[in-house]
Amino acid sequence: MPILTPYRGAQVHYGPRHLTRESARNFWNDAELEKAIGQLDIVHCNNFWAPIQISSSRVIYTIYDLGFAANADWTTEANRVGCFDGAFRSSVGADWAIAISENSRRHYLNVFPHFPGDRVRVVYPCSRFTDLTRQGSPPAGMKDHRSDEFWLSVGTIEPRKNQRLLAKAYARYLDAGGRPMPLVFAGGRGWMMEDFQDYLAELGILNHVELPGYVTDDEMIWLYRNCRFFNDQR
């Protein structure tokens, strides 16, 4: 995203971009990290990771959720271990934490009770879409869909987003005589859902479901503007 839509300003400079998890891990674990980043005033960690070898900068950590700690069935072991490691590091190395909800704040302090509660502030996310006049454009394969004639679910296709339950509810809706408007699952493929299409087939709704995959911002605007109902699980 920073490459496609960079934030421009007189005092804005972008550092190294890590295209692999391994290169990012090596960079942020380096003992000479402070020298590499230039002794910044603030280091904001917003991707489930926090360095612990920084002493000259204030470290702020954003807590989205601790779903990986709530249910082991929602993610892979590698992701669960990596995210927990990063969150734990924040609990011993961060100066301040930002939670995106009251629930995330409570969960974080329950898992890491040693972190001072008065240094966790709830700051709700805002939308990156600032132009409210944009109409967007439909994803490939959905150009013939009429406005107000489809259901929408937005989120990565993986267990923690609970698409299986939504699909089951939609199947019951159809069985009860509901109008068969398409159900659109917009989102890239995550993990542990490789059999999702088979599951939809077992429910008998595969022909009523569309999987456009990861959608662009322009396509997302169109989907939200034109759907009849939506379930946001991002």
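Report on the accompanying structure. (Residues numbered from 1 in each chain as written. Predicted model: local features only at pLDDT ≥ 70, side-chain atom pairs only at ≥ 80, totals over all residues. Heavy atoms only, no water.)

Focus: the overall build of the chain
Quick note on the threshold: Going along the chain from the N terminus, every DSSP run of H or I of four or more residues is numbered as a helix, and every run of E of two or more is numbered as a strand. Three exposure classes are used, based on accessible area relative to the maximum for each residue type with a 1.4 Å probe and protein chains only: buried under 20%, partly exposed in between, and exposed over 50%. Positive charges come from Lys and Arg, negative ones from Asp and Glu, while His and the chain ends are left out of the count. Note that the charge is assigned to NZ on lysines, CZ on arginines, CG on aspartates and CD on glutamates.
Along the chain, the regular secondary structure elements total eight helices and eight strands. The principal-axis extent of the C-alpha atoms belonging to the chain is close to 65 × 40 × 35 Å. Counting over 234 residues, the chain shows a buried share of 33%. Measuring between centres, the 26 positive side-chain charges of the chain sit 4 Å from its 27 negative side-chain charges.

Brief notes about the packing of helix α6 (residues 163-175) against helix α7 (residues 196-203)
Worth spelling out the cut-off: Note on method: axes are straight lines fitted to C-alpha atoms, helices fitted across the in-contact stretch only, with angles between N-to-C directions ranging 0 to 180 degrees. Under this scheme an angle from 65 to 115 degrees is roughly perpendicular, one under 35 degrees roughly parallel, and one over 145 degrees roughly antiparallel; angles in between are oblique. The handedness criterion is simple: a crossing whose near helix is rotated anticlockwise from the far helix by less than a right angle is left-handed, and one whose near helix is rotated clockwise is right-handed. Any two residues whose heavy atoms approach within 4.5 Å are treated as being in contact.
One way to put it is that α6 packs onto α7 with a least axis distance of 10 Å and a crossing angle of 20°. Classified by the angle their axes make, α6 and α7 are roughly parallel. The element α6 and its partner α7 pack so that their crossing is right-handed. For the pair formed by α6 and α7, the contact residues are Gln163, Arg164, Ala167, Lys168 and Ala171 on the first element and Phe196, Tyr199, Leu200 and Leu203 on the second.

Quick notes on the sheet that holds strand β2 (residues 58-63)
Where we set the bar: Strand pairing is assigned whenever DSSP detects at least two bridges linking the two strands.
Taken together, four strands build an open sheet; the order of strands is β1-β2-β3-β4 and the sheet is parallel. At either end of the open sheet lies a strand with only one pairing partner, and these are β1 (42-45) and β4 (120-122). In this sheet, adjacent strand axes meet at a mean angle of 20° when their direction is disregarded. Where β1 lies against β2, four bridges are found, and the strand directions are parallel. Bridging across to β2, Ile42 finds its partner in Arg58.

Concerning the environment of Asn46
Structurally, Asn46 can be placed in the loop between β1 and β2. Along the chain, Asn46 and Val81 lie 35 residues apart, while their C-alpha atoms are 17 Å from each other. Among residues more than four places away in sequence, those in contact with Asn46 are Thr62 and Tyr64.

Concerning the pattern of salt bridges
Note the cut-off: Basic side-chain nitrogens of Lys or Arg form a salt bridge, by our definition, when they fall within 4 Å of a carboxyl oxygen of Asp or Glu.
Counted under the stated rule, the structure contains ten salt bridges. The closest approach of N and O atoms between Arg25 and Glu22, which form a salt bridge, is 2.6 Å. Here Glu22 and Arg25 lie together in helix α1 (residues 21-29), a separation of three residues that amounts to about one turn. Given a relative accessible area of 43%, Glu22 falls into the partly exposed group. Between Glu32 and Lys35 there is a salt bridge, and its shortest N-O distance comes to 3.6 Å.

Concerning the sheet that holds strand β6 (residues 183-186)
Whenever strands of a sheet pair, they do so through backbone hydrogen bonds, lying parallel or antiparallel. In spatial order, the strands read β7-β6-β5-β8; together these four strands make up an open sheet with parallel pairing. Edge strands, defined here as strands with exactly one partner in the open sheet, are β7 (209-213) and β8 (229-232). Strand-to-strand twist in this sheet, taken as the mean axis angle between neighbours without regard to direction, amounts to 15°. With three bridges joining them, β6 and β7 adopt parallel strand pairing. Residue pairing across strands places Leu183 opposite Val209, the latter belonging to β7. Seen against the sheet, α6 touches β5 (151-154), β6 and β8 and runs at an angle of roughly 170° to β6.

A look at the packing of aromatic side chains
Note the following rule: Side-chain rings of Phe, Tyr and Trp, where Trp is taken by its six-membered ring, are said to pair if the distance between their centres is within 6.5 Å; with planes under 30 degrees apart they count as stacked, over 60 as edge-to-face, and otherwise as tilted. Each ring is checked for a lysine NZ or an arginine CZ that lies within 6 Å of its centre and within 35 degrees of its normal; such an atom marks a charge sitting over the ring.
Applying the stated rule across the entire model yields 15 aromatic pairs. Put simply, the rings of Tyr61, Phe84, Phe88, Tyr108, Phe112 and Phe115 pair up and form one aromatic cluster. In this structure, Arg119 is placed above the aromatic ring of Phe115, and the distance from its NZ or CZ to the ring centre is 5.3 Å. Across from the ring centre of Tyr199, 5.1 Å away, lies the NZ or CZ of Arg164, which sits over that ring.

A look at the side chain of Gln163
The following threshold applies: Side-chain atoms alone can form a polar contact between residues adjacent in sequence; in general such a contact is a pair of N or O atoms within 3.5 Å, and within protein one must be able to donate a hydrogen while the other accepts it.
Tracing the chain through its elements places Gln163 in helix α6. Looking at Gln163, its side chain comes within polar contact range of the main-chain oxygen of Gly155, at 3.5 Å. Each residue touching Gln163, except ones within four places of it in the same chain, is listed here: Ser153, Gly155, Thr156, Ile157, Glu158, Phe185, Met193 and Phe196.

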